[in-house]
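The primary structure of each chain is shown beneath.
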Amino acid sequence: MAKDENLPLFATKLAKGRILFQFYSLLIFVGICFIFAYRLSHIPAKGEPGRWAWMGLFFSELWFCFYWFVTTVVRWNPIYRNTFKDRLSHRPSHIPEKGEPGRWAWMGLFFSELWFCFYWFVTTVVRWNPIYRNTFKVRLSHRYEKALPSIDIFVCTADPVIEPPVMVINTILSVMAYDYPPEKLNVYLSDDVGSDLTFYAMLEASQASRFSKIWLPFCKKFKVEPRSPEAYFRTAVEPLGEPVMAKEWSTVKILIDGREFEAMDIQGQTLPTLVYLSREKRPQYHHHFKAGAMNALIRVSSRISNSPIILNVDCDMYSNNSMSIRDALCFFMDEEKGNEVGFVQFPQAFENLTKNDVYSSSLNVLMELEMPGFDGNGGPCYFGTGCFHRRETLSGQEYSKIYNADWKRWRNRSVEDSTSVLEETCKVLASCSYEENTQWGKEMGLKYDCAVEDVLTGIAVQCRGWRSIYFTPERKGFLGLAPTTLLQSLVQHKRWSEGDFHIFASRHCPFVLGYKKIPLKLQLTYCMNLLWAANCLATLYYVIVPSLCLLRGISLFPEITNSWVLAFVFVIIVHRAYSLGEFVWFGGTFKGWWNDQRMWLYKRTTSYFFGFLDYILKRLGFTNSTFVITTKVADDNVSQRYEQEVMEFGTTSQMFTILATLALLNAICFVSGLKWVIADVETLVREQFALQILLCGLLVFINLPIYQGLFFRKDVASLPTSVTYQSTMFALLACAIAVY
Ligand SMILES: O=c1ccn([C@@H]2O[C@H](COP(=O)(O)OP(=O)(O)O[C@H]3O[C@H](CO)[C@@H](O)[C@H](O)[C@H]3O)[C@@H](O)[C@H]2O)c(=O)[nH]1
Ligand SMILES: [Mn+2]
């Protein structure tokens, strides 16, 4: 026992195979150098066709490289910065003079490539030093079983139609059934529309059928995993027609009060406290979506249970591992490092994925590699669900070396009022005028006015000196629902990329807020997500301009016989081979990877593009922020197509119009490119366009599902005729402009 006391509560290990990765990075770097050397030495001379297009390409590349460069400097070698400066100062002498054709196209391409390069560098920084952790729950239990802190669990729901009560209750019951002293568990549900349906389902779960009284001891006796009685509730609660919307007053109902004698299960064990909350909503007050709900929960829970640790889950994220609380506590209660831990983030995992993951929603690489990479570089971000927080961090407190968590202080319930009195005081805390002229949403609680309140709040917590921890247990901690249609997935990524870019462009940018507060490598690591939206420009350029230049007969890449071509081929092949290897390593299939590549393209040309535009429009004051909730139910036909991995279109959307236009544009250019190959007798011409034709062909190949949706599929989920007409018109127009 005495020896046991000195052992840490968690261990951290370095990822294996870093040398291989570093070697790979070096290879890529060499390749990139060749690309630029080529670009700079082969700018078409004055009067030569393609000079402008070449310039555009040059600028795109310059941009990609810039992105890569900034992050490389940190890690590797200041020389690169010097090298780059040299090039920059040399560059003007190579720039074609004003008025020459191809100049701008070349420049654009250079910037795109520079951007890709910079972005690649950031993703390299993320992957540099991933760490994986494990916990020693037996030691925790030896030392602290009697002194375990109480836990508040927050679940948010916002719409009974797209987030069915069955699912919400399922999540609630799963978190009530944690392997943890029940008198120390307090579960709070925030319902943002105050739906009667959800409320009665809660009541059903807690009292009416006394379900939890039977389910919880059953789970514990038979060690059931996962502890979500979905099947039971699917039959127990049927939707009762139109839900009641938007109450104009707040409701706080303590459905089970763990302090009371009757709160027992059938075996005489205490039940966790269960609280239902619906905030007051009035048109003249902004309710701030999920962040607003979370802040109301923080206040209300501080009156009722005031636990030192808060777990937050989305309503679709049920607990899949009854040990998660103990895992998290191994970090918080570790004698040596525990005090500095602000939050412990578990990965997001999904239960409704298909084999080849047609919308690339598994987030496997992000969760299994990039997030451990964040952790290695200073701490993961907070992504809204499956996250354990120390209560103080959410009330704006700074970390200080003398801070010492006093778990005992929290143990006794602070409030001794009767249930009804407590409910009345809590209603005031959940009223919409309560936050007027306070620091809530600014320094207190989750931050407002950002589509990714979670990431923003996480950065702030880290900048106040707290450490964050990423923990991936073998048995997944939480399972949720991934989007099941293309549009849902694109819209979700639009919200994320817009919110992330908003953070980057605000005073909360890690480089500004985090200056000297978090390590530079973490600031750079954040760029990977925060700059998602910025990827749209370089990518759009790369999928449009080289193809149109092909149509017009402007060559932007080296001829196939030229040895400079090796640089391009090398970088592309090594980079993609690595990506495939990584994808398969983390459990994907080859087809899944191909789908992932397609989604990568679609997200960059639509979600990120609209996210970027929306951010600008918001900045100019034309639009307001919204939170488009991801649908968690699908009708049977949609589900069936999802299971069969058939791409779902079916509606009109500007996003689809863009996707279809790009696909058609590339098809036209590709056909005309092939014409060059077949009809033109001069091999010289053919050779000049080989890379452009290949790029265009690849884009056509990856877009096959779009052509199918446009022309060949006849089912309801194909692309609507209006999209076909519009996109054909736009594509032809673009081609016409390029040619004349
Ligand atoms: O006005 C609102 C809108 C949403 N929610 C809840 O927020 C959660 C997340 O919403 P969802 O539509 O599922 O969004 P996702 O894109 O799946 O969410 C991811 O991204 C969000 C930020 O954009 C984070 O808040 C989430 O935790 C994270 O899982 C759900 O429980 C909703 O009920 C509210 O409580 N009030
Ligand atoms: Mn979700």
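Note that the structure is a prediction, hence the values are computed from the model and not measured. (Residues numbered from 1 in each chain as written. Chains lettered and ligands numbered in written order. Predicted model: local features only at pLDDT ≥ 70, side-chain atom pairs only at ≥ 80, totals over all residues. Heavy atoms only, no water.)

Participant: How should I be thinking about unusual backbone geometry in this particular structure?
Facilitator: Residues other than glycine seldom take positive phi values, yet H288 does so here, at roughly 60°. Secondary-structure assignment places H288 in the loop between β6 (273-278) and α11 (289-304). (Helix = DSSP H or I, 4+ residues; strand = E, 2+ residues; numbered from the N terminus.)

Participant: Just checking my understanding: could you explain the packing of aromatic side chains for this structure?
Facilitator: Aromatic rings considered in pairs are described by the distance between their centres and by the relative angle of their planes. For the coordinates displayed, the defined rule picks out 38 aromatic pairs. Considering the side-chain rings of F36 and F110, the 4.7 Å spacing of their centres and the 85° angle between planes classify their relative orientation as edge-to-face. Separated by 74 residues along the polypeptide, F36 in helix α2 (residues 18-41) and F110 in helix α5 (residues 103-127) bring together distant segments of the chain. Exposure class is identical for F36 and F110. Each is buried. Taken together, the aromatic side chains of F34, Y38, W54, W106, F116, Y542, F557, W564 and F568 make up a single cluster linked through ring pairs. One Lys or Arg, R299, reaches over the ring of W440 and ends 4.8 Å from the middle of that ring. Positioned above the aromatic ring of F627, the side-chain terminus of R495 is 4.0 Å from the ring centre. (Phe/Tyr/Trp six-rings, centres within 6.5 Å; stacked < 30°, edge-to-face > 60°. Buried < 20%, exposed > 50% of the residue type's maximum accessible area, 1.4 Å probe, protein only. Lys NZ or Arg CZ within 6 Å of the ring centre and 35° of its normal.)

Participant: Explain the nonpolar core to me, please; I cannot follow it from the model alone.
Facilitator: Within the largest apolar cluster, 166 residues are counted, with the highest numbers of intra-cluster contacts made by L329, F332, F388 and L556. Among the elements that line this core, the one with the most residues is α5, at 15 residues. With 40 residues, the next largest nonpolar core counts V358, Y642, M647 and I702 among its residues. (Core = buried A, V, L, I, M, F, W, Y, C linked by side-chain atoms within 4.5 Å.)

Participant: What's the story with the UniProt feature "transmembrane region" (unreviewed entry) in the chain in this structure? I'm lost.
Facilitator: The feature "transmembrane region" (unreviewed entry), as given by UniProt, occupies residues 20-40, 52-70, 104-126, 524-544, 564-588, 655-677, 689-711 and 723-739 in the numbering adopted here. As annotated, residues 524-544 comprises 81% helix and 0% strand, and the C-alpha atoms at either end are separated by 29 Å. When the span residues 564-588 is considered, its composition is 84% helix and 0% strand, and the gap between its end C-alpha atoms is 34 Å. (UniProt positions renumbered as here; feature names shortened; annotations may be inferred.)

Participant: I'm lost on a nonpolar patch on the surface in this one. Help?
Facilitator: A cluster of nonpolar side chains, contributed by I616, L617, L620 and F622, occupies part of the molecular surface with about 400 Å² of accessible area. Within the secondary structure, I616 sits in helix α23 (residues 590-619). (Patch = residues over 30% accessible without salt bridge, like charges linked within 9 Å, V, L, I, M, F, W, Y side chains within 5 Å. Areas by Shrake-Rupley, 256 points an atom, 1.4 Å probe, with all protein chains shown as cover. Salt bridge = Lys/Arg side-chain N within 4 Å of Asp/Glu carboxyl O.)

Participant: Hey, could you run me through the environment of S579 in this one?
Facilitator: If you trace the backbone, S579 turns up in helix α22 (residues 565-585). Since its relative accessible area comes to 13%, S579 is described here as buried. Residues S579 and W593, spaced 14 residues apart in sequence, show a C-alpha to C-alpha distance of 8.5 Å. Discounting residues that sit within four places of it in the chain, S579 has contacts with W593 and Q597. (Contact = heavy atoms within 4.5 Å.)

Participant: Got a minute to help me understand the side chain of D596 in this structure?
Facilitator: Looking at the element boundaries, D596 is found in helix α23. K603 provides the closest opposite charge to the buried, unpaired D596, separated from it by 5.4 Å. One polar contact links D596 to S360, side chain to side chain, over a distance of 2.5 Å. In this structure, D596 is in contact with S360 and F583, ignoring residues within four places of it in sequence. (Lys, Arg positive; Asp, Glu negative; His and termini not counted. Polar contact = N/O pair within 3.5 Å; in protein donor to acceptor, adjacent residues only side chain to side chain.)

Participant: It is not clear to me how the UniProt feature "active site" (unreviewed entry) in the chain should be interpreted in this structure. Could you clarify?
Facilitator: In the numbering adopted here, UniProt assigns the feature "active site" (unreviewed entry) to D192 and D454. We classify D192 as buried; its relative accessible area is 11%. Beyond its immediate stretch of four places on either side in the chain, D192 contacts T157, A158, R279, K281, H287, F289 and A293. A distance of 2.8 Å separates the side chain of D192 from the side chain of R279, its partner in a polar contact. Tracing the chain through its elements places D454 in helix α17 (residues 453-463). Leave out the neighbours within four places in its chain, and D454 touches Y382, F383 and G384. Separated by 3.3 Å, the side chain of D454 and the backbone nitrogen of G384 make a polar contact.

Participant: Quick question: what am I supposed to make of the site of ligand 1 here?
Facilitator: By nearness alone, 24 residues border ligand 1, and D314, E453, R495, T630 and K632 come closest of all. A distance of 3.2 Å separates an oxygen atom of ligand 1 from a polar atom in the side chain of Q348. Within the backbone of G384, one N or O atom sits 3.2 Å away from an oxygen atom of ligand 1. Within the complex, 97% of the 690 Å² of free accessible area of ligand 1 lies under protein. Counting residues per element, the ones that place at least two in the shell around ligand 1 are β3 (151-157), α11, α17 and α18 (486-504). Ranked by the residues each element gives to the shell around ligand 1, the list is headed by α18, at three residues. Taken together, the residues of the shell around ligand 1 sort by class into 10 nonpolar, six polar and eight charged. (Near = heavy atom within 4 Å. Nonpolar A, V, L, I, M, F, W, Y, C, P; charged D, E, K, R; others polar.)

Participant: Help me out: how do you make sense of the sheet that holds strand β7 (residues 309-314) in this one?
Facilitator: Strands pair in a sheet through their backbones, by hydrogen bonds, and they do so in one of two ways: parallel or antiparallel. Read across the sheet, eight strands follow the order β5-β6-β4-β3-β7-β10-β9-β11 without closing on themselves; strand pairing throughout is mixed. One side of each edge strand has no neighbouring strand; the edge strands of this open sheet are β5 (251-256) and β11 (467-470). In this sheet, adjacent strand axes meet at a mean angle of 20° when their direction is disregarded. Both β3 and β7 contribute to a ladder of six bridges, which runs parallel. Its bridge partner lying in β7, C156 is registered against D314. Relative to strand β4 (residues 185-191), helix α7 (residues 165-176) is tilted by about 165°, and along the sheet it contacts β3, β4, β5, β6 and β7. (Pairing = 2+ DSSP bridges. Axes fitted to C-alpha atoms, helices over the stretch in contact; angles between N-to-C directions.)

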